[in-house]
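Understanding the architecture of this molecule
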Amino acid sequence: MKAVRFDNYGDIDVLRVANVAMPEPVQGEVLVKVKAASINPGEAGIRRGLMHARWPATFPSGEGSDFAGIVAKVGSGVAAFSLGDEVCGFTDRRASHAEYVVAEVQNLTRKPANVSWEVAGSLAVAGSTAYAAVRAVSLEPGDTVAVSGAAGGVGSITVQLAKRAAAEVIGIASAANHSWLAAHGIKPVAYEVRLSDRLHEARMKAFIDTHGGGYVKLAIELGVAPDRINTIIDFAAAREYGTKSEGSQAARNAAVLTELLALVASGNLEIPIAATFPLEDVRAAFRLLEQGHTRGKIVLLP
């Protein structure tokens, strides 16, 4: 089968698509033919070696966590899924950017029929990160919360979940994304013009940082309590100011994924898809991701 590999840390050009052995599911595992697998900023950081201290790579390394596809084989002891079932889920083995992936049965859930492959394959990492971030800041009805990177892969889900918590949501994003935010009941604010003054006027109770680059410090300066600030990216600032830094690992499980899928299926949560690429164009997919400013998720279609 074909799978993405890289043999050393580096820029996008270290990525390659290789022919590798088909994985085999063992007890409690399922082999899935991948129909869609999203790419995530953390994968770019791992590939570049920026997260070696926390998540070192073993070479040759695969990549990819979330996916959606069709059950191709089940290991012993698996009763929850059968051949041909449409599923989505995640793996912690850096392996979903491939034609087939093996996953533990507890990391899978059924894909609703009216949820597209692209959306289902994009939800496990970004959705669980957004879910954890919103939960971390303890929103109550009427609270005002600002979200940086509000139209990105995680931010676009975060603002919607915060809105569902009956909060007043300010979405910090470029002007190109303001109409999308407004259509979802979010108050858009440009990061280029008088941002600090406009956020001060909003009397925020909470702040969710999905972008990095000084937003945690800004929230502190604007008087937001550290325990009502969550960053998914600026871990150094979280340590310095004593804020929260809960992300995907705090909520990535089949129960949360099932809950998010139900919201999507019922039309109560939109997962924007910025672009799709065949597996062979994985470099182009990451090139687009690392340019920034895309709305929603970028997806590989093996």
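The present account deals with the structure reproduced in this document. Not measured: the values here are computed from a predicted model.

Turning our attention to the environment of H178. Mapped onto the elements, H178 comes out in helix α5 (residues 178-183). Considered as a pair, H178 and N230 are 52 residues apart in the sequence and their alpha carbons are 23 Å apart. Setting aside chain neighbours within four positions, we find H178 in contact with A173, P188, V189 and A190.

Remark: helix α3 (residues 123-136) packs on helix α9 (residues 254-265), axes separated minimally by 10 Å, with the N-to-C direction vectors making an angle of 95°. Considered as vectors, α3 and α9 are oriented roughly perpendicular to each other. On α9, the residues that touch L123, A124, G127, S128 and Y131 of α3 are V256, L257, E259, L260, L261 and V264.

Let's shift gears to the environment of H211. Residue placement: H211 occurs in the loop between β11 (206-209) and α7 (215-221). Taking the C-alpha atoms as reference points, H211 and S65, separated by 146 residues in sequence, lie 20 Å from one another. With residues near it in sequence (within four places) discarded, H211 still touches S148, G149 and I233.

The buried fraction of strand β6 (residues 100-104) is high, at 4 of 5 residues. Of the pairings in the sheet, the one linking strand β3 (residues 29-39) to β6 comprises 5 bridges and is antiparallel in character. Within the sheet, the bridge partner assigned to V30 lies in β6 and is A103.

Parameters and conventions
Residues numbered from 1 in each chain as written. Predicted model: local features only at pLDDT ≥ 70, side-chain atom pairs only at ≥ 80, totals over all residues. Heavy atoms only, no water. Helix = DSSP H or I, 4+ residues; strand = E, 2+ residues; numbered from the N terminus. Contact = heavy atoms within 4.5 Å. Axes fitted to C-alpha atoms, helices over the stretch in contact; angles between N-to-C directions. Parallel < 35°, antiparallel > 145°, perpendicular 65-115°, else oblique. Buried < 20%, exposed > 50% of the residue type's maximum accessible area, 1.4 Å probe, protein only. Pairing = 2+ DSSP bridges.

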